[in-house]
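Breakdown of the fold
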Amino acid sequence: MLRTAIRNLLAHKARLTMSGLAVILGVAFVAGTLTFTDALNKTFTDLFKDAAADVSVEPKAAFDTGMAGMDMNSASSSLPAALVEKVTGVDGVAAAAGYVQANGVYVLDADGHVADTGGAPGIGISWTTDPELNSASLIDGHAPTSSDEVAIDSATADDLGYHVGDTITVLTTGPRMHATLVGIFRYGQDGGLAGASMTAFDTATAQRLLLAPGRFSEIGIAAADGTSHTVLAGRLADALGASYQVNTKEQKAADQAASLEDSLKFINTFLLVFAGVALFVGSFLILNTFSMLVAQRTRELALLRALGASRRQVTRAVLIEALLLGLVGATVGLGGGYALAYALKGLFGQFGLTIDSNLTLTGATITWSYAIGVAVTLVAAYLPARRAAKVPPVAAMRADLVTTPRPLRVRTITGGVTAALSGVGLAAGTAGGTPPLVAMGAVGLLVAVIVLSPVLAVPFVRGLGAVLPRLAGTTGRLAKENALRNPRRTAATSSALMIGLALVTGFSIIGASARASIDRTVDDVLRADYVMSAAMGQPFTTKVADQVRGIDGVRSVAVERYGTAQINGHQGYFSAYDPAVVGDALAIHMTDGKLSALAGDTILVSAKEATSAGLEVGDPVSFEVANGQSRRLTVAGVYGDDNALGPYVIALDTYTATGGVPLDQNVYVTLDPDADTAAVHEALDRVVADYPVVQLRDAEGYKQDKRAGIDQLLTLINALLALSVLIAVLVVVNTLVLSVIERTRELGLLRALGMNRRQVRRMVRLEAIVISLYGAALGIGLGTVLGLALTTVLHSQGLVATAVPVPQLVLELALGGLIGLVAAALPARRAGRLDVLDAISAT
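Residues numbered from 1 in each chain as written. Predicted model: local features only at pLDDT ≥ 70, side-chain atom pairs only at ≥ 80, totals over all residues. Heavy atoms only, no water.

1. As for the packing of helix H12 (residues 435–465) against helix H22 (residues 757–793)
- Packing of H12 against H22 brings their axes to within 9 Å, and their N-to-C directions diverge by 155°. Judged by the angle between their axes, H12 and H22 are roughly antiparallel. Taken as a pair, H12 and H22 cross one another with a handedness that is right-handed. Residues Pro435, Val438, Ala442, Leu445, Leu446, Val449, Ser453, Leu456, Ala457, Phe460, Val461 and Leu464 of H12 touch H22, and the partners they reach there are Val770, Leu773, Tyr774, Ala777, Leu778, Leu782, Val785, Leu786, Leu790 and Val793. (Axes fitted to C-alpha atoms, helices over the stretch in contact; angles between N-to-C directions. Helix = DSSP H or I, 4+ residues; strand = E, 2+ residues; numbered from the N terminus. Parallel < 35°, antiparallel > 145°, perpendicular 65-115°, else oblique. Left-handed = near helix turned anticlockwise from the far one by under 90°. Contact = heavy atoms within 4.5 Å.)

So, in structure tokens, the structure goes:
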């Protein structure tokens, strides 16, 4: 049977090519995803492992903020310089040095623009003179030694074309500075910083600009010969007490790697979900191909049974063909996955996620690729293999073989019950705001639609097909009858396109709703005339707000700062404002209490959080930030959940008193009613010109800025979903090609009865368009239901508006018809070129 399977595979290699392409594309997506995420993970873990210090001492956070150190980058959450001397005196310490590091430091290019990091941070550091404690190595020039000297990383120098001796401009969280570039360095072994830009100052300058004089972010320690890192860490912990965090090099790298793994898990899952969609769609192509090949080889399979082959052997022969197809597809797919990983590397690089590590195919990636490729192919081919085994030996003696379509009663009942139960679950989950129930209902509804699609195909094709005879006469009527001939085949062909367009539609509705929600929230909440913020949410110097306050025509300037705190023992995000001016900037709709009650000893709570935590106006709460400082605050008011303010609001005085980072996230500018708008705008532009990282937006520009992030995400999602649509096109092409082969004699008879080549081609094209439009209509309908359900569930997460992009859905339906037309090009050409006599004599 192995020889028979190989012979059949070679005999039908052209017909199996497109099924192989489905396996190749699906496996390529899996292999590319795993290869990309492996390289991404290695890029950062290599950075962690390159740390020079054997042991480090850092401020101990009261809790993990999950905000990348934002709450710890201040003088109140740093280390005193005197601690370095104490550390040096501990037995086993060979050397110790303080270190300063802060985000928000950018090098400007020759035109005064911020160096493009693609969203990666701009980092400022102090240069450590002891080579035992410095992970960076100079490759040109010398280390900075005075306040007018800096060194930058080699990637930034190459990108901007800077060389040692150039005068460059550096933008810090404090003042802008002009300095001489005295050194260029590499970080670690390969110099990669994952797209970040790094600028080094001498220690005193770094403290003054980035932290505070006499303070360090961290202390690095080199262990003496013969002293283990673990032992030294224990001695330091005993000597310094519980107020500081002491970690070995290995422990810190492991902790950072674990944190990174959690952060990257979303990217890995995100990409693998789309790989799964591609494989699922591809399974329809494999299922259709093997089903049609089994039907076309009925006499051959019956002859094998007549010659003594058992049902098990026939099943095994078909599955061996599928196995070989899966192995070949997985092998080619691995190569495609490597190429796809390069594409993903470039794509995510546009979002600031630069990959410095080489792309390599690991053993795990190869194993998973083969396992998934083979498994999907075998599962998809199993039902056709079972049907092949049921072919009776007597079928070999029949002169003509007519397959009687099986009734759809079982499918109708099964699909109807599944759809009803799924609909109830989806409705209950939507009404109750229960995402898991909505997810189960969505999956159940998808399964129900797939099961019912042969049943639904009949009325749809009849309805649409009623128009075809009027447009194309007999050709149109034959196209309709061909689509109705085998509803199961029509459904399997269209289901691939249905799934792809259902996902595109669902995400389009969510995206349109998110954009509408942004517009509504900004219109409802924003009172200020302008908003000033930095790219990628980076905090920026308070000097911006100070300068804006001095502009004629500006009524008020409200700054906004973020943070994380433990409130009554539960971690939550908060926003901080000056109570005197926040009302000018934002419309905070109070449901209980008054906004004017916000002060240094009070806190405002969102309605949702108040209900969840059981808080009311007048209740006391404990408020503790990451640096360990705490306050006892009183709930002064409750605001509506439509304000986009997060769960808590505190006064700016409270934020400052608890050691909050003295940097602004947003600055809201409100003008006097009689202000000269044009003059004020020019003055604001001059302020922004001095701080290139800061952007000035009016209300409409602010909405556009927020919508841009959603548009980028939707572009990425649709680009990934394009693969499943491509496979759907292959499904239509392959089904039509096999259908033409299957109907060779029939087409020959039609030609003999007077149908010309053009009419044959038109018939095939119309059949393809009908099938594709059916899949598109099902997909758009299903995607609309799922999109609306998810939008409703996400209402509590800020999706306050629901929008259906009707023009886009109409375009998708038209795209479905176009896909059918394109997919029919090759099969129609093949059908039109059939020789009449050869076709009539075909068996």
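2. Re the sheet that holds strand E14 (residues 244–248)
- With antiparallel pairing, the four strands of this open sheet are ordered in space as E3-E13-E1-E14. Of all the strands in the sheet, just strand E3 (93–99) and E14 have a single pairing partner and so form its edges. The mean inter-strand angle of the sheet, taken between neighbouring strand axes irrespective of direction, is 20°.
- Against the sheet, helix H6 (residues 229–240) contacts strand E1 (55–59), E3, strand E13 (218–223) and E14, and its axis sits at roughly 170° relative to E14. (Pairing = 2+ DSSP bridges.)

3. Description of the pattern of salt bridges
- A complete count under the given rule lists twelve salt bridges for this structure.
- The residue Glu218 makes a salt bridge to Lys252 at a minimum N-O spacing of 3.1 Å. Taken together, the residues span a long stretch of sequence, with Glu218 in strand E13 and Lys252 in helix H7 (residues 249–296) at a distance of 34 residues. There is no split in this pair, since Glu218 and Lys252 are both buried.
- In this structure, a network of salt bridges that share partners links the residues Asp519, Asp523, Glu700, Lys703 and Arg707. (Salt bridge = Lys/Arg side-chain N within 4 Å of Asp/Glu carboxyl O. Buried < 20%, exposed > 50% of the residue type's maximum accessible area, 1.4 Å probe, protein only.)

4. Some points on the confidence of the model for the protein chain
- For the protein chain, mean pLDDT is 84; residues scoring 70 or higher make up 89% of the total.
- Considering only residues more than four positions removed or in separate chains, one finds that residues 67–73, a stretch of pLDDT under 50, has 25 contacts. (pLDDT = per-residue confidence, 0-100.)

5. Topic: helix H23 (residues 806–823)
- The end-to-end C-alpha distance of H23, which contains 18 residues, comes to 26 Å, matching closely the 26 Å that a straight helix rising 1.5 Å per residue would cover.
- Within H23 the residues assigned to the buried category are Leu809, Glu812, Gly816, Gly817, Ile819, Gly820 and Ala823. All buried residues of H23 lie within an arc of 150° about the axis, which places them on one face of the element. For H23, exposure combined with an orientation more than 90 degrees from the buried face picks out Pro807, Val810, Leu811 and Val822. (Expected span 1.5 Å × (residues − 1). Arc of directions from axis to C-beta.)

6. Structural notes on a positive patch on the surface
- On the surface, a cluster of positive charge is contributed by Arg311, Arg386, Arg387 and Lys390.
- Within the fold, Arg387 resides in helix H10 (residues 363–389).
- Taking the relative accessible area as the measure of exposure, Arg387 reaches 33% and is therefore partly exposed. (Patch = residues over 30% accessible without salt bridge, like charges linked within 9 Å, V, L, I, M, F, W, Y side chains within 5 Å. Areas by Shrake-Rupley, 256 points an atom, 1.4 Å probe, with all protein chains shown as cover. Lys, Arg positive; Asp, Glu negative; His and termini not counted. Charge placed at Lys NZ, Arg CZ, Asp CG, Glu CD.)

7. Digging into the packing of aromatic side chains
- Summed over the entire model, instances satisfying the criterion amount to five aromatic pairs.
- Ring centres of Trp127 and Phe185 lie 5.4 Å apart, and the angle between their planes is 55°; on these two criteria the pair is classed as tilted. Residue Trp127 is located in the loop between strand E6 (122–126) and strand E7 (136–141), and its partner Phe185 is located in strand E10 (residues 176–187); the two are separated by 58 residues in the primary sequence.
- Between Phe460 and Tyr774, the ring centres sit 5.1 Å apart and the planes meet at 45°, which makes this aromatic pair tilted. (Phe/Tyr/Trp six-rings, centres within 6.5 Å; stacked < 30°, edge-to-face > 60°.)

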